[in-house]
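Each chain is listed here by its residues.
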Amino acid sequence: MRRIFTVIFSVFMLLTFTNAVMADTGGSTEPPVSLPPQNPPQNIDEALKEANDELKARFGVIDYFREYSMGNKYRINDKIDKEHQLWANRRIFVYGKPFDFDSDTGNHRYLGYTINNEAFTNIFFRHDNWAGGCINSRNWIKWPWKNPDVEASLKARGEPLIHENDFDGKPELRDSIIEGLKAYAKSESADRVPIPFNPNDDKPWHEYVHVLVPPTQYTWGMGRMWHQSGGSVWYLTIPLAPVAQSAPDFSVVFDQVEYNDIQPGAPVEGTVRFKLAEGHTKPETAKLTLVHEVGGNEWPVRLTAINPADSLPSNGVIEFKPGEEKAYKFKVTAQSEGTTLIVRVNPVTSEDINWENNRDEAIINILKPLAPVVTNSKLTFQAVSQDKTITRPANTAKWTDWVTATLKPSAPTPPKGKLVSWEITSASITYPKKNPRFTFGNPLPPKGTTTINMNPNGHKATATFQEDWAMDGARIYNPIKDKLMAKYPKKYTLTANYTIHYVYQYKVRHRSCHTSNGHRHCHTWYETVTKSGTVSDSVSGVLLVNGSGVNSRAQ
């Protein structure tokens, strides 16, 4: 898969001693080999000689690289291939010409051949199969140069078989392999996220990597690993880090790493500071970027130099002198939800000695109006006869019945976060009031309303009252008025008013940084905030009056 520009250079460029590249050496158990100071090679002939001198001093291997591969089969690439010039352009020793071109990616699967006439795979070539996960978790094949499954895979691809060389299985190359895997794991592009790698798993990685070309003081080497998955054998081409380096240490920090209580749509302004560490031996160039991460997408943010001399070109690349700091202002617009600002500094022509400080974050916490608390409730009725011996159908009652109203709200939706607890703290119910002129023979309709308190009990409230205001459906004949009254059953609407007390929690993201022993340490954490509130609402229920409960045993 395609890598970003910085990784292309960090893996392949042969640089001067002060510009040689290597990833973070923290945790290395073998010191770099001390070699006499040299001037970097200027052409392919000098490069071959100096690489051989170094390999002889380091590994006791004499005249490993030559102008022609074994058996004079292939000539060194730069002598025959003016189009690609793999040493001049990428600083790697390859024999023959690239082959097996992939038109979709614009890369060859093979750069050519090794000194031993083995296929030299291209680290730029896309993955044939990568299902994600961690580099360490793959089922890597130990000693691939003598594994029959690897041999069968090579034959199936039509590649020459590999054979153990003077650098395979060497413990002294383990650190170089680990540093190369770390650099490989950090590489990313628009269509590829970094592949995690744990350098502290104590795995003897030198037993799993077949060395295509060994690393030297000035150059990255290249290796190849094979793993088994789904009944097939797959390979991975990895860089091997140089044995000595003087990589730059770029860093970047936000002046302010947390912005709180920002209104949506409000401007957020701040300053970021980039620096090349003191003690480096020469100027270095780096690409500076700031993005606003919103909903998982990164939106570029303009960096405005405080010193006009530090103004950035359109590609964001600028040179730093050792110890130089450059400061830039930025301005973004707060969104409807919390977001993150991410700033990065990536050296253009080399690795960085400490990638941990090449990135910083600032968080924006939004203050927005609380959402209305939502409740849904039910008000139901259950009546029994006056002597409490007959239970009526739900939500129906007869005159003189005792009616129990039950209020059951659903759990309220808090304004934010999650609901912890809630209870009804007060409630009342309003029902029709008996007409003062109401008699059994003259059942006049109710006049006004009566309100009584309900009894709260956690998530419900109840109240009991007598239905004394109507006997609709009893069909009472009034001889004075010569009129049939209460002819049909009638529905009455009763209303309950209530108040709920609720407790809810939500999380607030925080970020803080401090400097200790010259190192900056940042920590992002979440604070759990607990708050409470009350909400009042009302709900109505319908009670059907369908007769009289007098002489209810006969009803």
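Let us look at the structure shown here. Per chain, the residues get numbers from 1 upward, laid out in the order the sequence is written. Where totals are concerned, whole chains, interfaces and linings use all residues; where local detail is concerned, this predicted model gives features only for residues with pLDDT of at least 70, and gives and counts side-chain atom pairs only at 80 or more. To get the side-chain values, take all heavy atoms of the structure and skip hydrogens and water.

### Some thoughts on the overall build of the protein chain
Thought 1: Helix and strand labels come from DSSP, where a helix needs a run of H or I of at least four residues and a strand needs a run of E of at least two; each type is numbered from the N terminus. Each helix and strand counted, the protein chain has six helices and 27 strands in total.
Thought 2: Pairs at least 24 residues apart make up 69% of the contacts formed inside the protein chain by residues separated by at least 6 positions.
Thought 3: With residues, only the protein chains shown are counted as cover, and all accessible areas are computed by Shrake-Rupley using a 1.4 Å probe. When the accessible surface of the protein chain is totalled, it reaches about 26,900 Å², and 49% of it is carbon and sulfur. Here, residues are in contact when the closest pair of their heavy atoms is within 4.5 Å.

### Re helix α6 (residues 174-186)
Every α-helix carries 3.6 residues per turn, so stepping three or four residues along brings you back to the same face.
Thought 1: In this analysis, the expected span of each helix is defined as 1.5 Å times one less than the number of residues it contains. Its 13 residues place the ends of α6 18 Å apart at the C-alpha level, agreeing with the 18 Å of an ideal helix rising 1.5 Å per residue.
Thought 2: The element α6 is extensively covered by neighbouring structure, given that 12 of its 13 residues are classed as buried.
Thought 3: Partly exposed residues are those whose accessible area sits between 20% and 50% of the maximum for their type, while under 20% is buried and over 50% is exposed, using a 1.4 Å probe and protein chains only. Along α6, the positions that sit buried rather than exposed are Arg-174, Asp-175, Ser-176, Ile-177, Ile-178, Glu-179, Gly-180, Leu-181, Lys-182, Ala-183, Tyr-184 and Ala-185.
Thought 4: Packing partners of the buried residues in α6 comprise β5 (221-229) and β6 (232-240).

### Some remarks on a positive patch on the surface
Thought 1: Patches were defined on residues exceeding 30% relative accessible area and lacking a salt bridge, with like-charge contacts within 9 Å and nonpolar side-chain contacts (Val, Leu, Ile, Met, Phe, Trp, Tyr) within 5 Å. For this document, the term salt bridge refers to a Lys or Arg side-chain nitrogen within 4 Å of an Asp or Glu carboxyl oxygen. When charges are counted, neither His nor the chain ends are considered; positive counts come from Lys and Arg and negative counts from Asp and Glu. In plain terms, the charge of a residue is placed at NZ if it is Lys, CZ if Arg, CG if Asp and CD if Glu. The grouping of Arg-437, Lys-447, Arg-475, Lys-481, Lys-483 and Lys-487 at the surface amounts to a positive patch.
Thought 2: Take Lys-481: it is sitting in the loop between β24 (476-478) and β25 (483-485).

### So, the sheet that holds strand β14 (residues 325-333)
Thought 1: At least two DSSP bridges between two strands are needed for those strands to be called paired. Strand order across the open sheet formed by four strands is β7-β9-β14-β12, with antiparallel pairing between neighbours. Of all the strands in the sheet, the pair left with one neighbour each is β7 (250-254) and β12 (304-305).
Thought 2: One ladder, built from nine bridges, connects strand β9 (residues 267-276) with β14; its direction is antiparallel. The residue bridging Arg-273 from the neighbouring strand is Ala-327, located in β14.

### Considerations on the layout of surface pockets
Thought 1: As defined here, a cavity is a set of points on a 1 Å grid over the protein atoms alone where a 1.4 Å probe fits but cannot get out. A pocket is an open set with protein on both sides within 12 Å along at least five of seven lines, and residues line them when an atom is within 4 Å of a point. Grid points are joined across faces, edges and corners, and a volume is the space filled by probe spheres set on the points. Each pocket or cavity is described by its volume, and for the second largest pocket that value is around 570 Å³.
Thought 2: Ile-366, Lys-416, Tyr-506, Lys-507 and Val-508 are the residues nearest the centre of the second largest pocket, which is lined by 22 residues in total.
Thought 3: Sorting the residues of the lining of the second largest pocket by element identifies β8 (258-262), β16 (359-366), β26 (490-516) and β27 (519-548) as the ones contributing at least two each.
Thought 4: Top element by residues in the lining of the second largest pocket is β26. It accounts for five residues.
Thought 5: In the scheme used here, Gly and all other residues not listed as nonpolar or charged are polar, with Ala, Val, Leu, Ile, Met, Phe, Trp, Tyr, Cys and Pro taken as nonpolar and Asp, Glu, Lys and Arg as charged. When grouped by side-chain class, the residues that make up the lining of the second largest pocket number 11 nonpolar, four polar and seven charged.

### Remarks on the packing of aromatic side chains
Thought 1: Aromatic contacts are taken between Phe, Tyr and Trp rings whose centres are within 6.5 Å, Trp giving its six-membered ring; a plane angle under 30 degrees counts as stacked, one over 60 as edge-to-face, and the others as tilted. Going through the model one piece at a time under the given rule, you end up with 19 aromatic pairs.
Thought 2: Between the aromatic rings of Phe-65 and Phe-93, the centroid separation amounts to 4.6 Å while the plane-to-plane angle is 50°, which identifies the pairing as tilted. Of this pair, Phe-65 sits in the loop between α2 (44-59) and α3 (77-80) while Phe-93 is found in the loop between α4 (86-90) and β1 (99-102), placing the two residues 28 residues apart along the sequence.
Thought 3: Pairing Phe-274 with Tyr-328 gives two aromatic rings, centres 5.7 Å apart and planes at 75°, and the pair type is edge-to-face. Here the residue Phe-274 occupies a position in strand β9, and Tyr-328 occupies one in strand β14, the gap between them amounting to 54 residues.
Thought 4: Given the relative accessible area of 0%, Tyr-328 is considered buried.
Thought 5: Members of the aromatic cluster, joined through ring pairs, are Tyr-64, Phe-65, Phe-93 and Phe-167.

### Thoughts on the environment of Val-420
Thought 1: Looking at the element boundaries, Val-420 is found in strand β20 (residues 418-432).
Thought 2: Judged by relative accessible area, which is 46%, Val-420 ranks as partly exposed.
Thought 3: Along the sequence, Val-420 and Ser-532 sit 112 residues apart, while their C-alpha atoms lie 9.4 Å from each other.
Thought 4: If we ignore the near neighbours within four places in the chain, the residues touching Val-420 are Val-503, Tyr-504 and Gln-505.

### Observations concerning the sheet that holds β6
Thought 1: Ordered in space as β4-β5-β6, the three strands form an open sheet in which the pairing is antiparallel. Looking along the sheet, the strands with just one partner apiece sit at the ends: β4 (210-213) and β6. The sheet shows a mean angle of 30° between the axes of neighbouring strands, taken without regard to direction.
Thought 2: Judged from the nine bridges that link them, β5 and β6 form a sheet pairing that is antiparallel. Considered in β6, the bridge of Met-222 is made with Pro-239.
Thought 3: Note on method: axes are straight lines fitted to C-alpha atoms, helices fitted across the in-contact stretch only, with angles between N-to-C directions ranging 0 to 180 degrees. Here helix α5 (residues 148-157) sits on the sheet and contacts β5 and β6; the angle it forms with β5, its principal contact strand, is near 105°.
Thought 4: Against the sheet, α6 engages β5 and β6, with an angle of about 100° to β6.

### As for the nonpolar core
Thought 1: With 44 residues, the main nonpolar core has Phe-65, Phe-93, Ile-135 and Trp-205 as its most contacted residues.
Thought 2: Within the residue set of this core, elements represented by two or more residues are α2, β2 (107-113), α6, β4, β5 and β6.
Thought 3: For our purposes a nonpolar core is just a set of buried Ala, Val, Leu, Ile, Met, Phe, Trp, Tyr and Cys residues, chained together by side-chain atoms within 4.5 Å. Residues Ala-405, Phe-465, Tyr-502 and Val-539 belong to the second largest nonpolar core, which totals 32 residues.

### Comments concerning the state of the cysteines
By definition, a disulfide links the sulfur atoms of two cysteines through a covalent bond.
Thought 1: Count a disulfide wherever a pair of cysteine sulfur atoms falls within 2.5 Å. One pass over the full model with this rule turns up one disulfide.
Thought 2: The partner cysteine of Cys-513 in its disulfide is Cys-522, sulfur to sulfur 2.1 Å. Residues Cys-513 and Cys-522 are joined through a disulfide that is right-handed, its torsion about the S-S bond being 110°.
Thought 3: Residue Cys-513 is classed as partly exposed on the basis of its relative accessible area of 29%.

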